[in-house]
Amino acid sequence: MIGAKLEDLLSRARGALGPAIELDFGLDSGPLWELAMLLTARNGFFAFNAGVQIYHAGDQGLGPELVTWNEDELWKDSYHGLADDYFCFGQDIFGVQFAIHDNAEVVTFDPETARITRVGDTLESWAEWLLADPDVRGAATFARAYQDANGELNPEQRLLPVRFFVGGGNYDFSNFTVREAAEAMRVRGPIAQQVHSLPEGTKVRFSTS
């Protein structure tokens with residue numbers, strides 16, 4: 001059984017992105033156990049105007065598949081170890097990953113810097129965090145406005161800044177290009193290797209062009 005905040009999140013969701021499944025990671029506690037329960041209840045979904053995407057499990061479905069997404073050769077190898085310890089289960093419209101570390105905590109993974117922000121120690125606490133500020137943490141208003149102006153993204157796509165945020169890029173629609181999600185991660189992997197250990201405030205400039 002999933003918690004009240006996860007139930008609330010599901011009530012706002014659009015999906016499922018995959019057929020019904022009974023998922024079992026062989027665990028009886030922790031965020032991975034919660035994730036299995038969540039995907040058993042709804043096998044992948046969008047929330048907040050597709051500002052948030054939770055991956056489906058299994059061969060059939062729309063958008064990234066959970067296990068495949070976490071295989072090194074899809075995109076993680078471009079980060080040279082910086083992403084290896086994190087099991088990613090979803091992302092926002094900009095490719096910020098929602099991930100589980102060591103079945104003990106839920107974090108965000110910044111695709112441009114590979115820096116980690118701890119959200120909580122349960123998936124329920126992650127849902128509470130997300131629901132507390134869906135515009136900032138789930139890109140809800142931006143996702144609707146961008147897609148109203150430019151057309152809906154398909155489930156395989158996310159937005160990639162032309163001028164990266166870490167290099168001073170802004171949120172003007174003109175600063176984004178639509179890319180396949182794994183490709184967008186691979187573009188940023190080499191950048192993350194360079195800036196991951198730089199002190200906060202260091203001036204850098206990168207782009208996708």
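Please refer to the structure placed before this passage.
What counts and how
- Residues numbered from 1 in each chain as written.
- Predicted model: local features only at pLDDT ≥ 70, side-chain atom pairs only at ≥ 80, totals over all residues.
- Heavy atoms only, no water.
- Helix = DSSP H or I, 4+ residues; strand = E, 2+ residues; numbered from the N terminus.
- Buried < 20%, exposed > 50% of the residue type's maximum accessible area, 1.4 Å probe, protein only.
- Polar contact = N/O pair within 3.5 Å; in protein donor to acceptor, adjacent residues only side chain to side chain.
- Contact = heavy atoms within 4.5 Å.

### Considering unusual backbone geometry
Then, number 1: Here the residue pair G15 and A16 is connected by a cis peptide bond, since its omega of 20° sits within 30 degrees of zero.
Then, number 2: Tracing the chain through its elements places A16 in the loop between strand 1 (14-15) and helix 2 (31-41).
Then, number 3: Its identity as a non-glycine residue notwithstanding, N49 has a phi of 60°, on the positive side.
Then, number 4: Within the element layout of this structure, N49 appears in the loop between strand 2 (45-47) and strand 3 (52-54).
Then, number 5: When its relative accessible area of 32% is taken as the criterion, N49 is described as partly exposed.
Then, number 6: Notably, H80 is not glycine yet its phi reads approximately 50°, a positive angle.
Then, number 7: With respect to the element layout, H80 can be found in the loop between helix 3 (66-69) and strand 4 (86-92).

### Considerations on the side chain of N43
Then, number 1: Positionally, N43 belongs in the loop between helix 2 and strand 2.
Then, number 2: By relative accessible area, which is 2% here, N43 ends up buried.
Then, number 3: Polar contacts involving the side chain of N43 include one to the main-chain carbonyl oxygen of P19, which spans 2.8 Å.
Then, number 4: N43 has contacts with A16, L17, G18, P19, I21, H56 and A57, leaving out every residue within four places of it along the chain.

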